[in-house]
Amino acid sequence: MTTQQQTYRQAVVRVPSGPRSVEIADVPPVEPGPGQVRVRIAGAAVNPVDLGVAGGVFHRLGMVNQPEHTGPGWDFAGTVDAAGPDAGLTVGTRVAGFVDGFDRAHGSHAELLVVPAADVAVVPDGVDLVEAATVPLNATAAAMIVDLLGAAPEGGGRLLVTGAAGAVGPHVAVLARDRGWEVTGMARAADEAFVRGLGAGFTTEPGEGWDAVADAGALQERALAAVRDGGRFVGVQPAARLPEERGVSVEVVFARPDGELLTRLLARVAKGDLPARVHAVVPLAEAADAYQAMAGGGVRGRIVLVP
Ligand SMILES: NC(=O)c1ccc[n+]([C@@H]2O[C@H](COP(=O)([O-])OP(=O)(O)OC[C@H]3O[C@@H](n4cnc5c(N)ncnc54)[C@H](OP(=O)(O)O)[C@@H]3O)[C@@H](O)[C@H]2O)c1
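Starting from 1, residues in each chain are numbered consecutively following that chain's sequence as written. Since the coordinates come from a predicted model, pLDDT governs what is reported: local features require at least 70, and pairs of side-chain atoms require 80 or more to be given and counted, while whole-chain, interface and lining totals use all residues. Hydrogens and waters are ignored; side-chain quantities use all the structure's heavy atoms.

Draft legend 1. Spatial organisation of the overall build of the chain. When helices and strands are tallied, the chain shows nine helices and 15 strands. Put simply, the radius of gyration uses C-alpha atoms, and a globule should come to 2.2 Å times the residue count raised to 0.38. A compact globule built from 307 residues would reach a C-alpha radius of gyration of about 19 Å, and the chain, at 19 Å, matches this within 12%. Each principal axis of the C-alpha atoms in the chain carries an extent, and together these give about 60 × 40 × 35 Å. Throughout this description, buried means an accessible area under 20% of the type-specific maximum (1.4 Å probe, protein chains only), exposed means over 50%, and partly exposed covers the range between. Sorting the 307 residues of the chain into buried and exposed places 53% on the buried side. In DSSP terms, a helix is any run of H or I states spanning at least four residues, a strand is any run of E spanning at least two, and both are numbered starting from the N terminus.

Dropping the structure here:
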């Protein structure tokens, strides 16, 4: 479509009842305000949080109060289509980012999206926009998890990363090693080569006695139980924060868009340090099928919707 067109297509959830409640609607374009850009989306990953929106998890928690519909989709990559005053980015620039929050009518599973320019990063040359679309939410969450973990204790520390073959976990495994942790990734048996390829050890069971656990697989109590007394735990489910026990410090991540952080993370993707895995590319018109496939589990890399 052109910018002058009267409407654009976006995924909406009117009555959440699972993957099949995702529909495509025509909505009027929004103009970017001061400090904002409108992005013409080239790819938008489907994440577990989108399944939660389609399934009504956040509606039931009272976190959504939209009169007509919610706009699902967090991750995106594309090109700047229009820039508001002081946005500092020119039309045509390749950017990636994610939009957070639940109570919103617009999301990234769309042709166009207006976001603060400070929330996006310029995509380095050599990184494909569809690949870039898999990175923002999950690498940002991983970097924030590693910040919550902090540096390994003097003399080294043993860290278990659950969900090490998912989207968040691989980034945690790589970034935690930079902070001195000796990393072991937990994943399914078939994921062993991938996890070892990250430079991590491998296990299929959480075991016990770890100095710290980064629970990117959202195993929750099972993962907390694997931390030694007095160790550290970082979870990924803010709505289900675990209570502290046995002197274990318990933190939970809530990823927020941060364009400067994402710029550094995408630079590492460009160098090949961090993965950008695409499971499948699906037309936006088939968003409900993509959500359904994601809900089936076992997906490695992200399903990316392309308008
Ligand atoms: N709070 C935040 O800011 C934030 C941000 C991003 C993500 N998250 C959350 O973080 C979690 C991970 O996200 P993601 O996108 O990385 O999810 P994902 O791609 O589904 O990865 C999770 C991985 O954990 C594996 N897994 C689950 N149970 C396992 C078990 N018992 N043994 C071995 N492997 C197991 C899954 O394998 P199978 O597919 O085979 O089950 C999958 O590979 C989700 O809960 C997501 O909602 C939170």
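Draft legend 2. Spatial organisation of unusual backbone geometry. Backbone geometry at Asp-86 places phi at a positive 60°, although glycine is not the residue there. In this fold, Asp-86 is placed in the loop between strand E4 (75-83) and strand E5 (94-98). With relative accessibility at 77%, the residue Asp-86 sits in the exposed group.

Draft legend 3. Spatial organisation of helix H4 (residues 136-149). For H4, spanning 14 residues, the distance from its first C-alpha to its last is 20 Å, which sits close to the expected 20 Å at 1.5 Å a residue. With 12 of 14 residues buried, H4 is to be regarded as a mostly interior element. By the burial criterion, the buried members of H4 are Pro-136, Leu-137, Asn-138, Ala-139, Thr-140, Ala-141, Ala-142, Ala-143, Met-144, Ile-145, Val-146 and Leu-149. Backbone geometry just downstream of H4 places Gly-150 in the positive-phi region, at approximately 75°. Here a helix's expected span is defined as the number of its residues, less one, multiplied by 1.5 Å.

Draft legend 4. Local environment of the packing of aromatic side chains. The criterion for an aromatic pair is that two Phe, Tyr or Trp rings (for Trp, the six-membered ring) have centres within 6.5 Å, with stacked assigned to planes under 30 degrees apart, edge-to-face to planes over 60 apart and tilted to the rest. Taken as a whole and assessed by the stated rule, the structure comprises three aromatic pairs. Ring geometry for Phe-58 against Phe-102: centres 4.0 Å apart, planes inclined by 25°, an arrangement best described as stacked. Taken together, the residues Phe-58 in helix H2 (residues 57-60) and Phe-102 in the loop between E5 and strand E6 (112-116) connect sequence positions 44 residues apart. On the accessibility criterion, Phe-58 (13% relative accessible area) is buried. Here Phe-102 falls in the buried class, since its relative accessible area comes to 13%. A centroid spacing of 6.4 Å and a plane angle of 15° characterise the contact between Trp-74 and Phe-98, whose relative ring orientation is stacked. Placement of the pair is Trp-74 in the loop between H2 and E4 and Phe-98 in strand E5, with a sequence separation of 24 residues. Taken together, the aromatic side chains of Phe-58, Trp-74, Phe-98 and Phe-102 make up a single cluster linked through ring pairs. Here the basic side chain of Arg-158 rests over the ring of Trp-210, its NZ or CZ set 4.3 Å away from the ring centre. The criterion is that NZ of a Lys, or CZ of an Arg, lies within 6 Å of the ring centre and within 35 degrees of the ring normal, and then a charge sits over that ring. The cationic tip of Arg-277 hangs over the ring face of Phe-194; the distance from NZ or CZ to the ring centre is 3.8 Å.

Draft legend 5. Region of the structure containing the pattern of salt bridges. Whenever Lys or Arg places a side-chain nitrogen within 4 Å of a carboxyl oxygen from Asp or Glu, that contact is recorded as a salt bridge. One pass over the full model with this rule turns up 17 salt bridges. Notably, a salt bridge pairs Asp-178 with Arg-268, separated by 2.5 Å at the nearest N-O pair. Of this pair, Asp-178 sits in helix H5 (residues 169-178) while Arg-268 sits in helix H8 (residues 259-271), and the two are 90 residues apart along the sequence. Residue classification places Asp-178 among the partly exposed positions, given a relative accessible area of 45%. Two residues, Arg-300 and Asp-191, come together in a salt bridge whose shortest N-O distance is 2.9 Å. Residue Arg-300 is found in the loop between helix H9 (287-295) and strand E15 (302-306), and its partner Asp-191 is found in the loop between strand E9 (181-186) and helix H6 (192-197); the two are separated by 109 residues along the sequence. Members of the salt-bridge network, linked through shared partners, are Glu-31, Arg-38, Arg-40 and Asp-81.

Draft legend 6. Geometry of a nonpolar patch on the surface. Together, Val-57, Leu-61 and Met-63 make up an exposed nonpolar region whose accessible area comes to about 230 Å². Mapped onto the elements, Val-57 comes out in helix H2. Two distance rules govern patches: like charges are joined within 9 Å, and nonpolar side chains (Val, Leu, Ile, Met, Phe, Trp, Tyr) within 5 Å, applied only to residues with over 30% relative accessible area and no salt bridge. Note on areas: these come from Shrake-Rupley sampling with a 1.4 Å probe, and a residue is covered only by the protein chains present in the view.

Draft legend 7. A look at the sheet that holds strand E11 (residues 210-215). Two strands qualify as a pair provided that DSSP identifies no fewer than 2 bridges between them. Overall, parallel pairing links the six strands, which are arranged E10-E9-E8-E11-E12-E13 in an open sheet. The sheet is open, and its two edges are formed by strand E10 (201-203) and strand E13 (249-252), each paired on a single side. The average undirected angle you get between the axes of adjacent strands in this sheet is 20°. Pairing of E9 with E10 involves three bridges; the strand directions are parallel. Each residue of the ladder has a partner; that of Met-186, found in E10, is Thr-203. Only the stretch in contact is used when a helix axis is fitted, and all axes are lines through C-alpha atoms; the angle between N-to-C directions ranges over 0 to 180 degrees.

Draft legend 8. Fine view of the site of the ligand. Around the ligand, the surrounding shell holds 26 residues, and the nearest of these are Ala-167, Val-168, Ala-216, Ala-255 and Arg-302. Contact distances for the ligand include 2.8 Å between an oxygen atom and a backbone N or O atom of Ala-167. Interatomic distance of 3.0 Å between a side-chain N/O atom of Arg-300 and an oxygen atom of the ligand. When we break the shell around the ligand down by domain, the ones giving at least three residues each are domain 1 (8-134 + 276-306) and domain 2 (138-252). Nearness of a residue to a molecule or strand requires only that one of the residue's heavy atoms be within 4 Å of it. For this analysis, a polar contact is any N or O atom pair within 3.5 Å, provided that within protein one partner can donate a hydrogen and the other can accept it, and provided that sequence-adjacent residues contribute only side-chain to side-chain pairs. Boundaries of every domain are those given by an automatic assignment or by a domain database.

Draft legend 9. Quick peek at H5. Here H5 lies mainly inside the structure; eight of its 10 residues are buried. Within H5 the residues assigned to the buried category are Gly-169, Pro-170, His-171, Val-172, Ala-173, Val-174, Leu-175 and Ala-176. Contacts are assigned to residue pairs that have any heavy atoms within 4.5 Å of one another. Those residues of H5 hidden inside the fold are in contact with H4, strand E8 (157-162), E9, H6, E11 and H8. Directly after H5, the chain includes Gly-180, whose backbone phi takes a positive value near 95°.

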